[in-house]
Amino acid sequence: MKLQRKNRRALAFGALAVSGALALTACGSDDTSDGSGSSASATAAAGNIKCDDAKGQLLADGSSAQKNAIDAWVKQFTAACGVQINYKGSGSGAGITAFTNGQVAFAGSDSALKPEEVTASKSVCSGGQAIDLPMVGGPIAVGFNVSGVDKLTLNAETLAKIFNNQITNWNDPAIKALNKDVTLPDLKIQAFHRSDESGTTDNFTKYLIDQAKDSFPYEGGKAWQAKGGQSASGSSGVAQQVKQTNGAIGYFELSYAKDGIKPVSLDTGAAAPVEATVANATKAIAEAKVVGTGSDLALKLNYGTKADGAYPMVLVTYEIACDKGNKADTLAGTKAFLRYIASEDGQSVLEANDYAPIPDDIIAKVRTTIEGLS
């Protein structure tokens, strides 16, 4: 099993090596050689993609959390099938709105559809409705930038108070109690949250509400509700603010925690603080239960796990598509793309980009559901 996973990861890295910056604007390029010999890996990956009658162009929008994964997938799919996919990554709320308005072939959301969104989708899914297809997993990293501090442990209670403007300085006794071997400065905390409607916000606040309700007494949802703090657009915007601000802290997907941003470890009650890693997120996602009905595969996550090495502050991004009534000119392309990203080759790309593959039993159901899209 370990050897098989290493081989899959090697294939994923080889494919990614030829994708440059993985920009969507470059998807139409047929140049998959970078002079390093890795074009053979890219060709092999592309050769496993079943295109069927896919053609033309697909418009899509939604979760910025999965955009780095979508970019990598689009590069390989376009090389194999020639279909242009323009995924805007404007946020989960914008994606679902675009989908229910009939503006995109599929959408990405870090939260399962609400009943009213399913109802709205029936006007664009002729004879059917929108469904949730879990496709991308991963940890929500809480990144910090505090001069002189290289490691930091927080728990749900301290996080809730920081993001609810109740803990405002880095040398607060509650933070010091969790970091006895760390010298914390007398420095104002600059907490950043999303300005746009976001499934990342929804999942982050679900964790805080579930584990520290008294300190974070909000209903939750895609829109930020707590008082105080500063806002930025998209996961990339929050990460950029954290990167350039001493004393900053913010939440985003692990793939954005780089270039000087350090992720917080979580004190969950396990034997040791848990780092925000793909492997640790996978352990937590494995405890999720399918709660959707029919062909809908919405999941319920276990935010309260205390299992050693399980990082519970995770999100799962769903691709939103019509189960029936997809537009005739986009059905083949949508189905082929979703089939690829749910495949073993597609899922193997995730680990190379700091995302977690969907557990085997769940992704098997996703694959079956995709084949039934009409």
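Let me sum up the structure you'll find in this document. (Residues numbered from 1 in each chain as written. Predicted model: local features only at pLDDT ≥ 70, side-chain atom pairs only at ≥ 80, totals over all residues. Heavy atoms only, no water.)

Considerations on the overall build of the protein
Going by this rule: The way it works is that DSSP assigns letters per residue, a run of H or I at least four long becomes a helix, a run of E at least two long becomes a strand, and they are numbered from the N terminus. Burial classification: accessible surface area is computed with a 1.4 Å probe over protein chains only, and a residue below 20% of its type maximum counts as buried, one above 50% as exposed, and the rest as partly exposed. Throughout, a residue-residue contact means that at least one pair of heavy atoms, one from each residue, lies within 4.5 Å. Note on areas: these come from Shrake-Rupley sampling with a 1.4 Å probe, and a residue is covered only by the protein chains present in the view.
Within the protein, the regular secondary structure consists of 13 helices and 13 strands. Burial status across the protein gives 56% buried among its 374 residues. Considering only intrachain contacts with a sequence separation of at least 6, the fraction spanning at least 24 residues in the protein is 75%. Put simply, the protein shows about 15,200 Å² of open surface, and 48% of that area lies on carbon and sulfur atoms.

What to know about the packing of helix H6 (residues 156-163) against helix H8 (residues 199-211)
Operational definition: Axis definition: a line fit to C-alpha positions, over the contact stretch in the case of helices; interaxial angles, taken between N-to-C directions, run 0 to 180 degrees. For classification, angles of less than 35 degrees are called roughly parallel, those exceeding 145 degrees roughly antiparallel, those between 65 and 115 degrees roughly perpendicular, and all remaining angles oblique. Note on convention: near helix rotated counterclockwise from far helix by under a right angle means a left-handed crossing. Clockwise means right-handed. Under this grouping Gly is polar, as are all residues other than the nonpolar Ala, Val, Leu, Ile, Met, Phe, Trp, Tyr, Cys and Pro and the charged Asp, Glu, Lys and Arg.
Packing of H6 against H8 leaves a shortest axis separation of 9 Å and a crossing angle of 120°. Between H6 and H8, the interaxial angle falls into the category oblique. At the point where H6 passes H8, the crossing takes the left-handed sense. On the side of H6, the interface is formed by Ala156, Leu159, Ala160 and Phe163, while H8 contributes Phe204, Tyr207, Leu208 and Gln211. Its residues assigned to classes, the contact of H6 with H8 shows 7 nonpolar, 1 polar and no charged.

What about the layout of surface pockets?
What counts, and what does not: Cavities and pockets are found on a 1 Å grid laid over the protein atoms alone: a cavity is a set of points where a 1.4 Å probe fits but cannot escape, a pocket is an open set with protein on both sides within 12 Å along at least five of seven lines, and a lining residue has an atom within 4 Å of such a point. Grid points are joined across faces, edges and corners, and a volume is the space filled by probe spheres set on the points.
Roughly 280 Å³ of internal volume is contained in the second largest pocket. Looking at the second largest pocket, it is lined by 16 residues, and the ones nearest its centre are Lys206, Leu299, Lys300, Leu301 and Tyr303. Of all the secondary-structure elements, those providing two or more residues to the lining of the second largest pocket are H8, strand E12 (299-300) and strand E13 (314-322). Residues of the lining of the second largest pocket, tallied by class, amount to 9 nonpolar, 3 polar and 4 charged.

Things to note about the nonpolar core
Nonpolar side chains in soluble globular proteins tend to be buried together. What counts here: In this text, buried Ala, Val, Leu, Ile, Met, Phe, Trp, Tyr and Cys residues form a nonpolar core when linked through side-chain atoms within 4.5 Å.
Of all hydrophobic cores here, the largest spans 114 residues; its most connected members are Trp73, Phe77, Met135, Phe163 and Ile249. Among the elements that line this core, the one with the most residues is strand E4 (residues 130-145), at 9 residues. When neighbours within four sequence positions are excluded, Trp73 is seen to be in contact with Met135, Val136, Phe337, Tyr340, Ile341, Gly346, Gln347, Val349 and Leu350.

Observations concerning the side chain of Asn164
Along the chain, Asn164 turns up in the loop between H6 and helix H7 (173-178). A relative accessible area of 2% means that Asn164 is categorised as buried. Beyond its immediate chain neighbours, meaning those up to four positions away, Asn164 contacts Ser215, Phe216, Pro217, Tyr218, Ala226 and Lys227.

Overview of the packing of helix H3 (residues 67-81) against helix H12 (residues 344-351)
Two packed helices can be described by the angle between their axes and the distance between those axes. Closest axis-to-axis distance for the H3/H12 pair is 10 Å, and the angle between their directions is 135°. The pairing of H3 with H12 is recorded here as oblique in orientation. Note on packing geometry: the crossing formed by H3 with H12 is right-handed. Of H12, the residues touching H3 (which contributes Ala69, Ala72 and Trp73) are Gly346, Gln347, Val349 and Leu350. Of the residues contributing to the contact of H3 with H12, the split by class is 5 nonpolar, 2 polar and no charged.

Concerning the state of the cysteines
Each disulfide consists of a covalent bond between the sulfur atoms of two cysteine residues. Under the convention used in this document: Disulfides are defined as cysteine sulfur pairs within 2.5 Å.
Taken as a whole, this structure holds 2 disulfides when the rule is applied. Shown here is the disulfide that connects Cys51 with Cys81, its sulfur atoms set 2.0 Å apart. With the S-S bond torsion at -85°, the cross-link from Cys51 to Cys81 turns out left-handed. Note that Cys51 is positioned in the loop between helix H2 (39-47) and strand E1 (57-62) and Cys81 in helix H3, a separation of 30 residues in sequence. Per residue, the accessibility class of Cys51 equals that of Cys81, and both read buried.

A word on unusual backbone geometry
Within the chain, Asn165 stands out as a residue other than glycine whose phi angle is a positive 65°. Residue class for Asn165 comes out partly exposed when judged on its relative accessible area of 41%. Non-glycine residue Asp259 carries a positive phi angle of around 55°. Tracing the backbone shows Asp259 in the loop between strand E8 (248-253) and strand E9 (262-263).

Here we look at the environment of Gly333
Relative to the assigned elements, Gly333 resides in helix H11 (residues 328-342). The contact partners of Gly333, leaving out residues within four places of it in the chain, are Ala54, Leu58 and Phe77.

Observations regarding the environment of Leu338
Within the element layout of this structure, Leu338 appears in helix H11. On the basis of relative accessible area, Leu338 is assigned to the buried category, the value being 0%. Spatially, the C-alpha atom of Leu338 lies 7.0 Å from that of Ile370, the residues being 32 residues apart in sequence.

Focus on H11
Here is the rule we go by: To estimate how far a helix should extend, the number of its residues minus one is multiplied by 1.5 Å.
For H11, spanning 15 residues, the distance from its first C-alpha to its last is 22 Å, which sits close to the expected 21 Å at 1.5 Å a residue. Taken across its 15 residues, H11 has 11 buried, putting it largely inside the fold. Among the residues of H11, those classed as buried are Thr330, Gly333, Thr334, Lys335, Ala336, Phe337, Leu338, Arg339, Tyr340, Ile341 and Ala342.

The values are spatial; any link to function lies outside them.
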